[in-house]
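This is what each chain is made of:
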Amino acid sequence: MRFEYPTATAAQRVERSIAVEVGELDEDRSTVSVDRDAAILTVEISATDRVALRAGINSWCRYVATAETVADDILA
């Protein structure tokens, strides 16, 4: 998944917030990597089956959305 932000600083805030979750989910069925290049955040999920992939996508989208909301609240 790819998330683009208006600034590299905004992307970095979200990256730092969600990176702590890497390795915290069930790694038997899925793995994730979080990378950032300037203002673009990439979350790559690999899974052994569709159910694990769907669960991973849902979880990581929630993590990103929460980090974005918190960052917006802090900056507001």
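Residues numbered from 1 in each chain as written. Predicted model: local features only at pLDDT ≥ 70, side-chain atom pairs only at ≥ 80, totals over all residues. Heavy atoms only, no water.

Novice: Can you lay out the packing of aromatic side chains for me, pointing to particular residues and giving the numbers?
Specialist: Geometry of an aromatic ring pair is reported as the spacing of the ring centres plus the angle between the planes. Applying the stated criterion across every chain yields a total of 1 aromatic pair. Both rings, one in Trp-60 and one in Tyr-63, keep their centres 4.9 Å apart while their planes meet at 90°; by these two values the pair is edge-to-face. Of this pair, Trp-60 and Tyr-63 both sit in helix 2 (residues 50-75), 3 residues apart, roughly one helical turn. Under the relative-accessibility criterion, Trp-60 is labelled buried at 2%. (Phe/Tyr/Trp six-rings, centres within 6.5 Å; stacked < 30°, edge-to-face > 60°. Helix = DSSP H or I, 4+ residues; strand = E, 2+ residues; numbered from the N terminus. Buried < 20%, exposed > 50% of the residue type's maximum accessible area, 1.4 Å probe, protein only.)

Novice: Hey, could you go over the sheet that holds strand 1 (residues 2-4) for me, with residue numbers and the actual values?
Specialist: Taken in spatial order, the 3 strands of this open sheet run 1-3-2, and their pairing is antiparallel. Unpaired on one side and paired on the other, strand 1 and strand 2 (30-37) mark the two borders of the sheet. Strand after strand, the sheet turns through a mean of 15° between neighbouring axes, direction not considered. In the sheet, strand 2 pairs with strand 3 (residues 40-47) via 8 bridges, with the strands oriented antiparallel. Bridge pairing links Thr-31 to Ser-46 in strand 3. Those strands touched by helix 1 (residues 8-19) are strand 2 and strand 3, and its axis lies near 155° from that of strand 2. (Pairing = 2+ DSSP bridges. Axes fitted to C-alpha atoms, helices over the stretch in contact; angles between N-to-C directions. Contact = heavy atoms within 4.5 Å.)

Novice: Explain the environment of Val-22 to me, using residue names and the numbers behind them.
Specialist: With respect to the helices and strands, Val-22 occurs in the loop between helix 1 and strand 2. On the basis of relative accessible area, Val-22 is assigned to the partly exposed category, the value being 35%. Separated by 10 residues in the primary sequence, Val-22 and Val-32 have C-alpha atoms spaced 6.4 Å apart. Not counting residues up to four positions away in its chain, the partners in contact with Val-22 are Val-32, Val-34 and Trp-60.

Novice: Any chance you could break down the pattern of salt bridges for me, citing the residues and the numbers?
Specialist: A side chain of one charge can pair with a side chain of the opposite charge when the charged atoms of the two come close. According to the stated counting rule, one finds 2 salt bridges in the structure shown. Arg-36 serves as the salt-bridge partner of Glu-15, at 2.8 Å between the closest nitrogen and oxygen. Taken as a pair, Glu-15 in helix 1 and Arg-36 in strand 2 lie far apart in primary sequence, 21 residues in all. For Arg-29, the salt bridge goes to Asp-49, with nearest N and O atoms at 2.8 Å. Of this pair, Arg-29 sits in the loop between helix 1 and strand 2 while Asp-49 sits in the loop between strand 3 and helix 2, and the two are 20 residues apart along the sequence. (Salt bridge = Lys/Arg side-chain N within 4 Å of Asp/Glu carboxyl O.)

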